[in-house]
Amino acid sequence: MKMTLSYGPRHQAQALRQRLRALRPRPLVVVEGSSDRNMMSHLLAEDAHVQYLRGKSNILPIVEELAMEFPDQVLFLVDCDDAVEDRYKGLAPLVITEYRDLDADIVFALDAWLR
């Protein structure tokens, strides 16, 4: 099921909280955009759900809150293309790409650019 949320962080956190409870114990991966969702949907296990929140600015404010509540069920992926505040770095459920975006990370991680 594809779902897009377009409310502020409090509403998004509440909607994700409800979704996580409904999915329990299946994982939820939260990404920035629809292209990230489409790509990740093909790479993850069938029982994993992927949802996008239209940008890093919608994801970062809710990471800590939901990570404490659902530590083994939710994973957040954001691009490093804009600065990510230091306070978010090192949070267990947050993955920040090494290159500009998730697509580039996969290409470089697989050394596909050498082929």
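Okay, so let's go over this structure.

Cut-offs used in this document
- Residues numbered from 1 in each chain as written.
- Predicted model: local features only at pLDDT ≥ 70, side-chain atom pairs only at ≥ 80, totals over all residues.
- Heavy atoms only, no water.
- Helix = DSSP H or I, 4+ residues; strand = E, 2+ residues; numbered from the N terminus.
- Rg over C-alpha atoms; globule rule 2.2 N^0.38 Å.
- Buried < 20%, exposed > 50% of the residue type's maximum accessible area, 1.4 Å probe, protein only.
- Contact = heavy atoms within 4.5 Å.
- Areas by Shrake-Rupley, 256 points an atom, 1.4 Å probe, with all protein chains shown as cover.
- Lys, Arg positive; Asp, Glu negative; His and termini not counted.
- Charge placed at Lys NZ, Arg CZ, Asp CG, Glu CD.
- Pairing = 2+ DSSP bridges.
- Right-handed = clockwise from strand over helix to strand, strands pointing away.
- Axes fitted to C-alpha atoms, helices over the stretch in contact; angles between N-to-C directions.
- Parallel < 35°, antiparallel > 145°, perpendicular 65-115°, else oblique.
- Nonpolar A, V, L, I, M, F, W, Y, C, P; charged D, E, K, R; others polar.
- Polar contact = N/O pair within 3.5 Å; in protein donor to acceptor, adjacent residues only side chain to side chain.

**Observations regarding the overall build of the protein chain**
A tally of helices and strands in the protein chain yields four helices and four strands. In terms of overall size, the protein chain behaves like a compact globule, its C-alpha atoms giving a radius of gyration of 14 Å where 115 residues would be expected to give roughly 13 Å. If one aligns the C-alpha atoms of the protein chain with their principal axes, the spans along those axes are about 45 × 35 × 25 Å. Counting over 115 residues, the protein chain shows a buried share of 43%. When contacts within the protein chain are restricted to residue pairs at least 6 apart in sequence, those whose partners lie at least 24 apart make up 50%. Summed over its atoms, the accessible surface of the protein chain is roughly 7,000 Å², and 53% of this surface lies on carbon and sulfur atoms. Considering the protein chain, the positive charge centre built from 14 side chains and the negative charge centre built from 18 side chains are found 8 Å apart.

**With respect to the environment of Glu65**
Within the secondary structure layout, Glu65 lies in helix α3 (residues 56-69). Along the chain, Glu65 and Ser34 lie 31 residues apart, while their C-alpha atoms are 23 Å from each other.

**As for the pairing of strand β1 (residues 28-31)**
When a strand is regular, its side chains alternate between the sheet's two faces. Residues Leu28 and Val30 point to one face of β1 and Val29 and Val31 to the other, with burial holding for every one of them. Sheet topology places β1 next to strand β2 (residues 49-52); four bridges connect them, and they run parallel. Residue pairing in the sheet places Val30 in a bridge with Gln51 of β2. As for the winding sense of the linkage, the β-α-β connection from β1 through helix α2 (residues 34-43) to β2 is right-handed. Across three bridges, the pairing between β1 and strand β3 (residues 74-78) is parallel. Across the sheet, the residue bridging to Val30 is Phe76, located in β3.

**Concerning the packing of α2 against helix α4 (residues 102-109)**
Contact pair α2 / α4: the axes reach a minimum separation of 10 Å and the direction vectors enclose 40°. Looking at the two axes, α2 sits oblique to α4. From α2, Asp36, Met39, Met40 and Leu43 reach across to α4, where they touch Leu102, Asp103 and Ile106. Residues belonging to the contact of α2 with α4 are distributed by class as follows: five nonpolar, no polar and two charged.

**Focus on the sheet that holds β1**
Taken in spatial order, the four strands of this open sheet run β2-β1-β3-β4, and their pairing is parallel. Two strands lie at the open edges of the sheet, namely β2 and β4 (94-96), each paired on one side alone. Here the strands of the sheet are splayed against their neighbours by 20° on average, with no regard to which way each runs. One ladder, built from three bridges, connects β3 with β4; its direction is parallel.

**Digging into the side chain of Gln73**
By the element assignment, Gln73 lies in the loop between α3 and β3. Judged by its relative accessible area of 7%, Gln73 falls in the buried class. Among the polar contacts made by the side chain of Gln73, one reaches the main-chain carbonyl oxygen of Leu20 at a distance of 2.8 Å. For Gln73, the side chain forms a polar contact with the main-chain oxygen of Arg26, separated by 2.9 Å. Dropping the residues within four chain positions of it, Gln73 is found in contact with Leu20, Leu23, Arg24, Pro25, Arg26, Pro27 and Leu28.

Limitation: the analysis is restricted to geometry and does not speak to function.
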